[in-house]
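Take a look at the letters that make up each chain.
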Amino acid sequence: MAALAQEWCEDCDPSAEHLEPSPSIKFEFNTTGQNVYVYNTSVSPDITEVLDSWAEERQSYDLSNNTCDDGSTCDNYLQVQRKA
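Residues numbered from 1 in each chain as written. Predicted model: local features only at pLDDT ≥ 70, side-chain atom pairs only at ≥ 80, totals over all residues. Heavy atoms only, no water.

S.K.: Any chance you could explain the overall build of the protein here in plain terms?
M.R.: Within the protein, the regular secondary structure consists of 4 helices and 2 strands. The buried share among the 84 residues of the protein stands at 17%. Taking the contacts inside the protein whose residues are at least 6 apart along the sequence as the reference set, 23% of them involve residues at least 24 apart. Counting every atom, the protein has about 6700 Å² of accessible surface; 49% of that belongs to carbon and sulfur. (Helix = DSSP H or I, 4+ residues; strand = E, 2+ residues; numbered from the N terminus. Buried < 20%, exposed > 50% of the residue type's maximum accessible area, 1.4 Å probe, protein only. Contact = heavy atoms within 4.5 Å. Areas by Shrake-Rupley, 256 points an atom, 1.4 Å probe, with all protein chains shown as cover.)

Okay, structure coming up:
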């Protein structure tokens, strides 16, 4: 898994709007979820900062309807929540 994740990262174009790797790598991850955290500093973020940012997406998620507010993303929160 770590090798596939590294290959995924190396194949991504960080200037793209959405980080999408080549189709061959995407196929390898067909049963695995992913969470992406992008930062614009030379200092890597602390893992707590990353997890907190994904958890903040909960504010846009409606559990009773299993929906996310229009214009918001809840995908990272749902991945973390489902794994827990």
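S.K.: Please explain the side chain of Ser-60 as it appears in this structure.
M.R.: Here Ser-60 shows up in the loop between α3 (47-55) and β1 (61-62). Here Ser-72 takes part through its side chain, which lies 3.5 Å from a polar atom of the side chain of Ser-60. For Ser-60, the residues in contact, after removing those within four places along its chain, are Thr-67, Cys-68, Asp-69, Ser-72 and Cys-74. (Polar contact = N/O pair within 3.5 Å; in protein donor to acceptor, adjacent residues only side chain to side chain.)

S.K.: Would you take a moment to explain the state of the cysteines for this structure?
M.R.: The term disulfide refers to a covalent linkage connecting the sulfur atoms of a pair of cysteines. Tallying each qualifying case throughout the model produces 1 disulfide. A sulfur-sulfur separation of 2.1 Å characterises the disulfide bridge that pairs Cys-68 with Cys-74. The sign of the S-S torsion, about 75°, decides the handedness of the disulfide formed by Cys-68 and Cys-74: right-handed. The exposure class assigned to Cys-74 is buried, which follows from its relative accessible area of 2%. (Disulfide = S-S within 2.5 Å.)

S.K.: Is there a simple way to think about a nonpolar patch on the surface in this case?
M.R.: A cluster of nonpolar side chains, namely Ile-47, Leu-51 and Val-80, defines an oily patch on the protein surface of about 250 Å² accessible area. With relative accessibility at 56%, the residue Ile-47 sits in the exposed group. (Patch = residues over 30% accessible without salt bridge, like charges linked within 9 Å, V, L, I, M, F, W, Y side chains within 5 Å. Salt bridge = Lys/Arg side-chain N within 4 Å of Asp/Glu carboxyl O.)

S.K.: Even after reading the chapter, I still don't get a negative patch on the surface, so can you show me in this structure?
M.R.: A surface patch of like charges, here negative, comprises Asp-46, Glu-49, Asp-52 and Glu-56. Its location among the elements puts Asp-46 in the loop between α2 (23-28) and α3. When its relative accessible area of 46% is taken as the criterion, Asp-46 is described as partly exposed. (Lys, Arg positive; Asp, Glu negative; His and termini not counted. Charge placed at Lys NZ, Arg CZ, Asp CG, Glu CD.)

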